[in-house]
Amino acid sequence: MRIPQKLERKAFSVAIDVALKKVNKDREKGLLEIIDLAEKFMGDQFRKDAYEGARAIVKNPEHKWMKFVNKMLDEVHPNVAKMTALNLGYQAAFHGTRMIRENREVYNCNIPWLILMDPTSACNLRCTGCWAAEYGYKLNLTFEEMDSIVTQGKELGIFFYMFTGGEPLVRKDDLLKLAKKHSECAFHSFTNGTLIDEEFCQKVQELGNFSFSISLEGFEEANDFRRGDGIYKKVLHAMDLMKEYGLFFGTSVCYTRKNMEAVTSDEFFDLLVEHGCRYAWYFHFMPVGNEADKELMPTKQQREYIYHRIREVRGMDSGKSIFVMDFQNDGEYVGGCIAGGRNYFHINANGDAEPCVFIHYSGANIRENTLLECLQQPLFMAYRDGQPFNDNHLRPCPMLENPEKLQKMVQESGAKSTDLQSPESVEHLCGKCEEYAKDWADKADELWTKGHFEKVGYTNYKKK
């Protein structure tokens with residue numbers, strides 16, 4: 001870090017320490033000071049009414065989200081709380097965003113806020129319908145390669161790194177080493193949870209800059225049918241361990257035509273809250289891979305249902321004490337598709353730089369290209385020039401809802417399939433989505449029109 005930025009980070013760190021001490025003595029006063037601190041540093045990155053809304057919640061101890069915050073402060077370890085605020089709040093959201101905006105103009109390409117990478121394609125499970133299994137089990141990014149990705153990323157302003165796979169925690173020693181070396185970055189792993197033990201939790205608590213999303217596909221019968229006998233109980237045990245050690249974690253849910261009712265039920269959300277989950281990521285099933293079953297894709301009625309259900313659960317006054325996000329249906333808040341380096345991109349275990357974790361095509365590899373060259377590859381530039389792919393942000397994806405657009409980008413950019421096991425043509429992939437896209441379009445347009453959404457804008461930083 002440059003000297004002025006080190007001093008700025010130190011000042012923010014000291015301010016967080018003071019605020020957290022006050023939180024322990026006078027919760028309302030301490031939280032109000034944290035909001036003041038955020039406004040001082042973040043400024044116009046958030047609207048004025050957002051800060052005022054946060055203050056209003058803090059002043060109302062009976063508010064749903066105030067109860068949520070109080071519970072989290074009581075249960076999350078102080079070091080985890082501080083490092084989350086320092087690395088995600090200051091380093092990534094404030095300092096990193098500032099650098100990213102500058103570098104987008106300098107390099108005339110998308111620079112993301114986070115990078116998602118696969119440390120390995122290996123997994124200790126073999127779940128039905130998992131896209132990661134398409135890669136096989138023998139690919140790995142070396143520690144040196146992951147270290148280089150993070151080092152290059154920090155120069156561009158990227159301070160948030162996520163892991164998927166395979167099962168990332170097959171490489172947990174290297175991931176802990178990476179988090180320790182880059183202590184100013186935030187790290188997050190999607191995981192099946194079965195490799196989490198007390199020793200690992202202790203190390204994560206000491207680092208403070210590592211969070212998790214544990215996969216859960218429903219209750220015991222449905223979960224173990226897809227993942228294997230006994231996995232459900234192992235997942236709940238992992239959650240209980242992480243809660244005991246005060247770690248910050250949530251869950252990751254792939255919703256399909258078959259599990260929709262279970263994973264959106266009151267009982268399921270209550271289960272997550274009981275075991276310490278602070279948030280839940282909901283991911284629409286994607287028919288990726290030659291053998292993918294498109295019949296698992298939710299129906300139009302099911303997608304409309306989950307669109308409303310997620311908003312009900314995270315409502316300001318009702319719902320559940322857990323923050324839920326829907327990767328496919330929350331496009332209105334982020335201006336549509338966030339892939340192709342706009343907000344994130346994916347590096348698989350073979351080093352291929354892909355626009356999205358679900359879009360397995362690329363024209364650049366981290367072993368042959370710099371990180372910047374990967375972001376400037378023709379496919380990513382086509383993403384940048386095409387975003388948003390639809391003015392209706394409930395139809396954000398160039399594959400699922402606008403399949404003709406992904407086909408055009410892949411064909412014109414010369415990108416190749418990155419699936420080394422069974423390469424899938426873009427025509428085959430998008431062909432599975434055509435009927436779905438057509439069926440969803442009218443309902444999505446109806447919801448968009450009725451919603452009177454404030455469209456979230458962004459700048460592509462194209463040459464003028």
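Residues numbered from 1 in each chain as written. Predicted model: local features only at pLDDT ≥ 70, side-chain atom pairs only at ≥ 80, totals over all residues. Heavy atoms only, no water.

**Student:** I'd like a description of the overall build of the chain, backed by residues and values.
**Tutor:** Regarding its fold elements, the chain presents 18 helices and 11 strands. In terms of overall dimensions, the chain is globule-like: its C-alpha atoms have a radius of gyration of 21 Å, near the 23 Å expected for 464 residues. When burial is assessed residue by residue, the chain has 59% of its 464 residues classed as buried. The long-range fraction of contacts in the chain, counting pairs at least 24 apart against all pairs at least 6 apart in sequence, stands at 74%. Surface exposure of the chain reaches about 20,000 Å², of which carbon and sulfur atoms provide 53%. For the chain, the centre of its 60 positive side-chain charges and the centre of its 69 negative side-chain charges are spaced 5 Å apart. (Helix = DSSP H or I, 4+ residues; strand = E, 2+ residues; numbered from the N terminus. Rg over C-alpha atoms; globule rule 2.2 N^0.38 Å. Buried < 20%, exposed > 50% of the residue type's maximum accessible area, 1.4 Å probe, protein only. Contact = heavy atoms within 4.5 Å. Areas by Shrake-Rupley, 256 points an atom, 1.4 Å probe, with all protein chains shown as cover. Lys, Arg positive; Asp, Glu negative; His and termini not counted. Charge placed at Lys NZ, Arg CZ, Asp CG, Glu CD.)

**Student:** Can you tell me about the packing of helix H5 (residues 78-107) against helix H8 (residues 198-207), naming the residues and giving the values?
**Tutor:** It is the contact of H5 with H8, at a shortest axis distance of 7 Å, that shows an interaxial angle of 50°. The angle between H5 and H8 places the two elements in the oblique class. Here H5 contributes Asn 79, Val 80 and Met 83 to the contact with H8, which in turn contributes Gln 205, Glu 206 and Leu 207. Grouping the amino acids of the contact of H5 with H8 by side-chain chemistry returns 3 nonpolar, 2 polar and 1 charged. (Axes fitted to C-alpha atoms, helices over the stretch in contact; angles between N-to-C directions. Parallel < 35°, antiparallel > 145°, perpendicular 65-115°, else oblique. Nonpolar A, V, L, I, M, F, W, Y, C, P; charged D, E, K, R; others polar.)

**Student:** With reference to specific residues and values, describe the sheet that holds strand S6 (residues 279-284).
**Tutor:** One open sheet holds the 9 strands; their spatial order is S7-S6-S5-S4-S3-S2-S1-S8-S9, and the pairing between them is mixed. Single-partner strands in this sheet number two, and they are strand S7 (323-326) and strand S9 (353-354). The sheet contacts of helix H10 (residues 231-244) involve strand S4 (210-215) and strand S5 (249-255), and relative to S4 the element is tilted by about 155°. (Pairing = 2+ DSSP bridges.)

**Student:** Describe in detail the side chain of Ser 362, supporting the description with residues and values.
**Tutor:** Note that Ser 362 resides in strand S10 (residues 361-362). Take Ser 362: its relative accessible area is 7%, and that puts it in the buried class. Of note is the side chain of Ser 362, whose polar atom sits 2.8 Å from the backbone oxygen of Ala 364. Aside from chain neighbours lying at most four places away, what touches Ser 362 is Asp 352, Ala 353, Glu 354, Gln 377, Leu 379, Ala 415, Lys 416 and Thr 418. (Polar contact = N/O pair within 3.5 Å; in protein donor to acceptor, adjacent residues only side chain to side chain.)

**Student:** Any chance you could break down the pattern of salt bridges for me, citing the residues and the numbers?
**Tutor:** Taken as a whole and assessed by the stated rule, the structure comprises 35 salt bridges. For Glu 33, the salt bridge goes to Lys 22, with nearest N and O atoms at 3.0 Å. Taken together, the residues Glu 33 in helix H2 (residues 27-42) and Lys 22 in helix H1 (residues 3-25) connect sequence positions 11 residues apart. In this structure, Arg 367 engages Glu 145 in a salt bridge whose closest nitrogen and oxygen atoms are separated by 2.7 Å. (Salt bridge = Lys/Arg side-chain N within 4 Å of Asp/Glu carboxyl O.)

**Student:** Describe the nonpolar core, with residues and values.
**Tutor:** Core analysis: the largest hydrophobic core is formed by 121 residues, its most contacted members being Tyr 282 and Leu 406. By residue number, the principal contributor to this core is H10, which donates 8 residues. Once residues lying within four places of it in the same chain are set aside, the contact partners of Tyr 282 are Val 253, Tyr 255, Val 263, Thr 264, Phe 268, Phe 269, Ile 306, Ile 310, Val 324, Met 325, Asp 326 and Phe 327. If you look at the next biggest cluster of nonpolar residues, it comprises 20 residues, including Leu 32, Met 42, Leu 86 and Ala 93. (Core = buried A, V, L, I, M, F, W, Y, C linked by side-chain atoms within 4.5 Å.)

**Student:** Go over the pairing of strand S3 (residues 186-191) with me, naming the residues and quoting the values.
**Tutor:** Of all 6 residues making up S3, 6 are buried, and the element is well covered by its neighbours. Of the two faces of S3, the one holding Ala 186, His 188 and Phe 190 and the one holding Phe 187, Ser 189 and Thr 191 are both buried throughout. Pairing of strand S2 (residues 160-163) with S3 involves 4 bridges; the strand directions are parallel. Among the inter-strand pairings, Tyr 161 is bridged to a residue of S3, identified as Phe 187. Once the chain exits S2 it traverses helix H7 (residues 172-181) before rejoining the sheet at S3, and the crossover so formed is right-handed. Relative to S4, S3 runs parallel, the two being bridged by 5 bridges. If you follow Thr 191 over to S4, its bridge partner there is Ile 214. For the crossover from S3 across H8 to S4, the handedness is right-handed. (Right-handed = clockwise from strand over helix to strand, strands pointing away.)

**Student:** Break down a negative patch on the surface for me, with residues and values.
**Tutor:** Side chains of Glu 198, Asp 240, Glu 244 and Glu 274 sit close together on the surface and give a patch of like negative charge. Summarising the element assignment, Glu 198 is placed in helix H8. Classification of Glu 198 by relative accessible area gives partly exposed; the value is 43%. (Patch = residues over 30% accessible without salt bridge, like charges linked within 9 Å, V, L, I, M, F, W, Y side chains within 5 Å.)

**Student:** Describe in detail the side chain of Asn 348, supporting the description with residues and values.
**Tutor:** With respect to the helices, strands and loops of the structure, Asn 348 is situated in the loop between strand S8 (344-347) and S9. For Asn 348, a relative accessible area of 1% gives the class buried. Here the side chain of Asn 348 touches Asn 350 through a polar contact of 2.8 Å, landing on its backbone nitrogen.

**Student:** Which residues make up unusual backbone geometry, and what values go with them?
**Tutor:** Across the junction of Gly 165 and Gly 166, the peptide omega takes the value 15°, indicating a cis bond. As for its position among the elements, Gly 166 is in the loop between S2 and H7. Look at Asn 108: it is not a glycine, yet its phi comes out positive at around 55°. On the secondary structure map, Asn 108 appears in the loop between H5 and strand S1 (114-117).

**Student:** Can you explain the pairing of S6? Please cite residues and give values.
**Tutor:** Here S6 lies mainly inside the structure; 6 of its 6 residues are buried. Burial along S6 is two-sided: the residues Tyr 279, Trp 281 and Phe 283 and Ala 280, Tyr 282 and His 284 are all buried. Summarising the sheet, S5 and S6 pair through 5 bridges and their orientation is parallel. For Ser 252, the partnering residue across the bridge sits in S6 and is Trp 281. Across 4 bridges, S6 lies against S7 in parallel orientation. Its bridge partner lying in S7, Tyr 282 is registered against Asp 326. Read from S6 through helix H13 (residues 300-313) to S7, the crossover connection turns out right-handed.

**Student:** Help me get a handle on the environment of Ser 252, residues and values and all.
**Tutor:** By the element assignment, Ser 252 lies in strand S5. The spatial distance from the C-alpha of Ser 252 to the C-alpha of Gln 421 is 26 Å, given a sequence separation of 169 residues. The residues contacting Ser 252, other than those within four sequence positions of it, are Phe 190, Ser 213, Ile 214, Ser 215, Leu 216, Glu 217, Trp 281 and Phe 283.

Honestly, that's just the spatial picture; any functional story needs more than this.
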